[in-house]
Amino acid sequence: MAELLLEVGIALTAVALAGALANRVGLSVIPAYIVVGILVGPNPPSSVLGVSLNLVSDSEFIQVLAELGIVFLLFFLGLEFSVDQLLRDRGRISAAGGVDFAVNYGLGVVIGFAFGWTLLETLFLAGVVYISSSAVITKSLIEEGWIANDESGPILGTLVFEDILIAVYLAILAAVAGGGDLESAALSVGTAFLFLGGLTAVAWYGSGWLDRFFRTSSDELFILRIVGVTTLVAGAALALGVSEAVAAFFLGTGISQTAHVERIEHIVAPARDIFAAVFFFSIGLTTDVTLIAGVAALLAVAVVATTVGKFLSGTFSGRFYDLDRRRSLRVGLGLVPRGEFSLVIATLAAGIGTGRLATVLPAFTVGYVLVMSVLGSVLIQQADTITDALGAPSG
């Protein structure tokens, strides 16, 4: 217990110092959290820096805190929506999500075949490079103050489309890769949609009940209820094979129709930011940069191609929401980061234990997520400079 407590203390202190340094030099805290995770984690870049700290392990406790980071980032994302808005924008969400999938999953297929990968290996690779990081993007939108801007609509709509689609994708891929049948995959997908349908029904019909349940004059009891219910819903979703992040999002849409949103943003937001910081830190903990050299060529091609792909598809998607050129370009920049779902796909591939899925894809994904999460957050931070350079006038 003493050793674990010491590791958690080191982790939180390292994150705090990294965040302070990032703020001092005017950079996003996300890359800083990831880098410090690499430096103090179990896979230090000793060959690069000549040091081997190994102060914090990727313990189960750290993983739980990181999981809560994803859950609460998506919960707060849901607070920006309502079921009415989702249904009203379903056409635009589908159109933007369809373009995003066609361009970026398609690029993954092309890259896989170009490097001589088999069909199954290529399907895994395409999933890794397709799915944007809801956690990194949501944190960046909050950090840069974009969450209330017009460009947040197509960005968040695309994330909703991706997160729902990836639940179906993972169920089918797991069945095919694991030697299962499509019947079991269909059952898994059906369970996921029944659970999400139940959450949607609660969000649609139960706003009055939710409002009464969370009503209390005590801030202590209020935050306990919000954190407890959100974690319970996310855990139940995960136990049923549903994305905990998507479940938290739909719970957030339900609570968005109550009178508690402002209080949540004031009281619960600090807890969200702590959990989120640990999530980004945990990416660094699981990153072994010494493995990246073996996939350098594939990584370079994927980073360039899929950065351009997300930028173009996102920019085009902004037009579905009638945004001007500048805001549409910002949509494209906002969708570049990759993260948690890419790592989930790589973990599933590694579990199969054959060919490139067991060796090359996990190493590639670690490098890809590291580069794209850092690059994506920096692109969002420098969006005004980039749009100015591209000749898009300020609105």
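Owing to the predicted nature of the structure, the values given are computational and were not obtained by experimental measurement.

Calculation notes
- Residues numbered from 1 in each chain as written.
- Predicted model: local features only at pLDDT ≥ 70, side-chain atom pairs only at ≥ 80, totals over all residues.
- Heavy atoms only, no water.
- Helix = DSSP H or I, 4+ residues; strand = E, 2+ residues; numbered from the N terminus.
- Buried < 20%, exposed > 50% of the residue type's maximum accessible area, 1.4 Å probe, protein only.
- Contact = heavy atoms within 4.5 Å.
- Areas by Shrake-Rupley, 256 points an atom, 1.4 Å probe, with all protein chains shown as cover.
- Lys, Arg positive; Asp, Glu negative; His and termini not counted.
- Charge placed at Lys NZ, Arg CZ, Asp CG, Glu CD.
- Salt bridge = Lys/Arg side-chain N within 4 Å of Asp/Glu carboxyl O.
- Expected span 1.5 Å × (residues − 1).
- Core = buried A, V, L, I, M, F, W, Y, C linked by side-chain atoms within 4.5 Å.
- Phe/Tyr/Trp six-rings, centres within 6.5 Å; stacked < 30°, edge-to-face > 60°.
- Axes fitted to C-alpha atoms, helices over the stretch in contact; angles between N-to-C directions.
- Parallel < 35°, antiparallel > 145°, perpendicular 65-115°, else oblique.
- Left-handed = near helix turned anticlockwise from the far one by under 90°.
- Nonpolar A, V, L, I, M, F, W, Y, C, P; charged D, E, K, R; others polar.

## A closer look at the overall build of the protein chain
Scanning the protein chain from N- to C-terminus turns up 21 helices and zero strands. Dimensions of the protein chain, computed from the C-alpha atoms along their principal axes, are close to 55 × 55 × 50 Å. Taking all 395 residues of the protein chain together, 52% fall into the buried category. Across the protein chain, contacts joining residues at least 24 apart in sequence account for 79% of those joining residues at least 6 apart. For the protein chain, the computed accessible surface area is about 16,300 Å², with 66% contributed by carbon and sulfur atoms. Within the protein chain, the 31 negative side-chain charges are centred at a point lying 8 Å from the centre of the 18 positive side-chain charges.

## Examining the pattern of salt bridges
Inspection of every chain in the model, using the stated rule, returns 13 salt bridges. Across the salt bridge formed by Asp-273 and Lys-139, the nearest N and O atoms sit 3.7 Å from each other. Residue Asp-273 is located in helix α15 (residues 269–285), and its partner Lys-139 is located in helix α8 (residues 134–144); the two are separated by 134 residues in the primary sequence. The exposure class of Asp-273 is partly exposed, given its relative accessible area of 28%. Judged by relative accessible area, which is 11%, Lys-139 ranks as buried. A salt bridge links Asp-388 to Arg-326, with the shortest nitrogen-to-oxygen separation between them at 2.9 Å.

## Here we look at helix α1 (residues 2–25)
Here α1 is 24 residues long and its end C-alpha atoms lie 35 Å apart, about the 34 Å a rise of 1.5 Å per residue gives. Considered for burial, the residues of α1 that qualify are Glu-7, Val-8, Ala-11, Ala-14, Val-15, Ala-18, Gly-19 and Ala-22. Following α1 by one or two positions, Gly-26 adopts a phi angle in the positive range, close to 80°.

## Observations concerning the nonpolar core
For soluble globular proteins, the rule of thumb is that nonpolar side chains tend to be buried together. Of all hydrophobic cores here, the largest spans 118 residues; its most connected members are Phe-75, Ile-255, Ile-264, Phe-280, Leu-361, Phe-364 and Tyr-368. The leading source of residues in this core is helix α4 (residues 60–79), at 13 residues. Those residues in contact with Tyr-368 that lie beyond four places of it in its chain are Val-128, Val-129, Leu-299, Ala-302, Val-303, Thr-306 and Arg-338.

## So, α4
In a regular helix each residue adds 1.5 Å, so 20 residues correspond to 28 Å; α4 covers 29 Å between its end C-alpha atoms and thus fits that length. With 15 of its 20 residues buried, α4 lies for the most part within the structure.

## Concerning the packing of aromatic side chains
Two numbers describe a pair of aromatic rings. These are the distance of the centres and the angle of the planes. Across all of its chains, the model carries 13 aromatic pairs by this definition. Each ring, one from Phe-75 and one from Phe-76, has its centre 5.8 Å from the other, and the planes form 80°; the classification is edge-to-face. Take Phe-75 and Phe-76: they sit in the same class, and that class is buried. Between the aromatic rings of Tyr-105 and Tyr-130, the centroid separation amounts to 6.2 Å while the plane-to-plane angle is 80°, which identifies the pairing as edge-to-face. Within this pair, whereas Tyr-105 is found in helix α6 (residues 90–114), its partner Tyr-130 is found in helix α7 (residues 119–130), the two being separated by 25 residues in sequence. Both residues of the pair, Tyr-105 and Tyr-130, belong to the buried class. Grouping aromatic residues by their ring pairs yields a cluster made of Phe-72, Phe-75, Phe-76 and Phe-275.

## Let's talk about the packing of α8 against helix α20 (residues 360–381)
The contact between α8 and α20 brings their axes to 10 Å, and the two run at 25°. Classified by the interaxial angle, the pair formed by α8 and α20 is roughly parallel. In terms of crossing hand, the pair formed by α8 and α20 is right-handed. Contacts from Val-136, Ser-140 and Glu-144 in α8 reach Ser-373, Ser-377, Ile-380 and Gln-381 in α20. Here the contact of α8 with α20 is composed, by residue class, of two nonpolar, four polar and one charged.

## Considerations on the environment of Gly-206
With respect to the helices and strands, Gly-206 occurs in the loop between α10 (182–205) and α11 (207–213). Gly-206 sits in the buried class, given a relative accessible area of 12%. On a C-alpha basis, the gap between Gly-206 and Gly-98 in space is 31 Å, while along the polypeptide they are 108 residues apart.

Take it as geometry only, folks, not as evidence of what the structure does.
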